[in-house]
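This is what each chain is made of:
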Amino acid sequence: MLVQVGRRESFSAAHRLFDPGLSDDENQRLFGKCVSLHGHNYVLEVTVAGGIDPASGYVVDLKQLSDIMCRRVIQDVDHRNLNTDVPWLSGLIPTTENLALTFWARLLPDLPAGLLRNVRVWETDKNWAEVGDHL
Ligand code: NI
């Protein structure tokens, strides 16, 4: 029987939604007020699924999952400008969708094979984007 467990970490970062290939007017039309530099208190939620290890009673030690999330994502993005300060986000418009997809790719290699199920990024209390192997 598979059991899902998860971990939530938060970070604060600045961004603007802006495509350098478009004119100022086109960017304004596409992104509205998000074209200006502003900040969010983001939440990163990661779900893993697997069998329970009889020795520990865990699917995975959530402290280890937390460490991986911090090492692979949080330490690089917390208190940064996502447009300019994070080499592995370079060239991407830092929408919540692109963050979720990129965070998935950052986390996958550091987790035991087959464990990662879902990565959800909350940009605000109301807006989130999710990447999952069930989609
Ligand atoms: Ni924003």
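Please read all numbers here as calculations on a predicted model, not as lab measurements.

### Thoughts on the packing of aromatic side chains
Then step 1. For the structure shown, the criterion picks out four aromatic pairs.
Then step 2. Aromatic side chains Phe-11 and Phe-103 sit 6.0 Å apart centroid to centroid with 70° between the ring planes, which places their arrangement in the edge-to-face category. With Phe-11 in strand β1 (residues 3–15) and Phe-103 in helix α3 (residues 96–107), this pair connects stretches of sequence that are 92 residues apart. Considered together, Phe-11 and Phe-103 belong to a single accessibility category, that of buried residues.

### A few points about the coordination of the nickel ion
Six octahedral donors around a metal ideally subtend angles of 90 or 180 degrees, whereas four tetrahedral donors ideally subtend 109.5 degrees.
Then step 1. On the protein side, the nickel ion has His-15 (NE2), His-38 (NE2) and His-40 (NE2) as donor atoms, found 2.0 to 2.1 Å from it.
Then step 2. Judged by its relative accessible area of 23%, His-38 falls in the partly exposed class.

### Let's talk about the pattern of salt bridges
Then step 1. As enumerated under the stated definition, the model contains eight salt bridges in all.
Then step 2. As a salt-bridge pair, Arg-7 and Glu-9 come within 2.8 Å of each other at their nearest N and O atoms.
Then step 3. Residues Arg-117 and Asp-133 are paired through a salt bridge, measuring 3.5 Å at the closest nitrogen-oxygen approach. Note that Arg-117 is positioned in strand β4 (residues 116–122) and Asp-133 in the segment after β5 (128–132), a separation of 16 residues in sequence.
Then step 4. Connected through shared salt-bridge partners, Arg-71, Arg-72 and Asp-110 make up one network.

### Thoughts on the side chain of Glu-123
Then step 1. Take Glu-123: it is sitting in the loop between β4 and β5.
Then step 2. Despite its burial, Glu-123 pairs with no opposite charge; the closest candidate is Lys-33, at 10 Å N-O.
Then step 3. Within polar-contact distance, the side chain of Glu-123 engages the side chain of Thr-96 at 3.2 Å.
Then step 4. Once residues within four sequence positions are removed from consideration, Glu-123 is found in contact with His-15, His-40, Asn-41, Tyr-42 and Thr-96.

Conventions used here
- Residues numbered from 1 in each chain as written.
- Predicted model: local features only at pLDDT ≥ 70, side-chain atom pairs only at ≥ 80, totals over all residues.
- Heavy atoms only, no water.
- Phe/Tyr/Trp six-rings, centres within 6.5 Å; stacked < 30°, edge-to-face > 60°.
- Helix = DSSP H or I, 4+ residues; strand = E, 2+ residues; numbered from the N terminus.
- Buried < 20%, exposed > 50% of the residue type's maximum accessible area, 1.4 Å probe, protein only.
- Donors = N, O, S within 2.8 Å, 3.2 Å for Na, K, Ca; no water.
- Salt bridge = Lys/Arg side-chain N within 4 Å of Asp/Glu carboxyl O.
- Lys, Arg positive; Asp, Glu negative; His and termini not counted.
- Polar contact = N/O pair within 3.5 Å; in protein donor to acceptor, adjacent residues only side chain to side chain.
- Contact = heavy atoms within 4.5 Å.

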